[in-house]
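# A closer look at the structure
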Amino acid sequence: QVQLTESGGGSVQPGGSLSLSCATSGIDFRINAMAWYRQAPGKQRELVAEITTDGRTNYADAVRGRATITRDNAKNTLQLKMNSLKPDDTAVYYCNIQIHYGQNYVLPFGNWGRGTQVTVSA
């Protein structure tokens, strides 16, 4: 069974920072690109950041320069560090595999964890 467990979200003021973590099991972590996605209320899930099996990264325009995605292949975990947070970053953040790296692709189906809520407000 695929298990994706996100953690680290919370409520922060604009300009603040957060570090999100994703623990995985039931997937071939080492042979898959991975990604962080987010979904704001009333909007579709969107790609935030992605990372290849060997550490090459790509970021959405909205977060480029403010986010860093990393992976630990020994622990099958994924991280996302964000700073200079904006109210528009408010969303539920999810981790999952990325089957089409570099194509702004979001899987329209599949297994998703519960996500972790990030709220940025004054």
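About the criteria used
- Residues numbered from 1 in each chain as written.
- Predicted model: local features only at pLDDT ≥ 70, side-chain atom pairs only at ≥ 80, totals over all residues.
- Heavy atoms only, no water.
- Helix = DSSP H or I, 4+ residues; strand = E, 2+ residues; numbered from the N terminus.
- Rg over C-alpha atoms; globule rule 2.2 N^0.38 Å.
- Buried < 20%, exposed > 50% of the residue type's maximum accessible area, 1.4 Å probe, protein only.
- Lys, Arg positive; Asp, Glu negative; His and termini not counted.
- Charge placed at Lys NZ, Arg CZ, Asp CG, Glu CD.
- Disulfide = S-S within 2.5 Å.

For the protein, the helix and strand inventory stands at 0 helices and 10 strands. For the protein, the α and β elements follow one another from N to C terminus as β-β-β-β-β-β-β-β-β-β. In summary, the protein has a C-alpha radius of gyration of 13 Å against a globular reference of 14 Å for 122 residues, a match within 12%. Reported as C-alpha extents along the three principal axes, the dimensions of the protein are approximately 40 × 25 × 25 Å. Looking at the protein residue by residue over its 122 residues, the buried ones come to 42%. On the protein, the mean spot of the 12 positive side-chain charges and the mean spot of the 9 negative ones are 3 Å from each other.

Bringing the state of the cysteines into the picture now. Tallying each qualifying case throughout the model produces 1 disulfide. Residue pairing for Cys22: its cysteine sulfur links by disulfide to Cys95, the two sulfurs lying 1.9 Å apart. Negative torsions about the S-S bond denote left-handed disulfides, and the value of about 65° found for Cys22 with Cys95 makes this one right-handed. Taken together, the positions of Cys22 in strand β3 (residues 18–25) and Cys95 in strand β9 (residues 91–98) put the pair 73 residues apart, joining distant regions of the chain. Summarising the burial analysis for this pair, Cys22 and Cys95 share the class buried.

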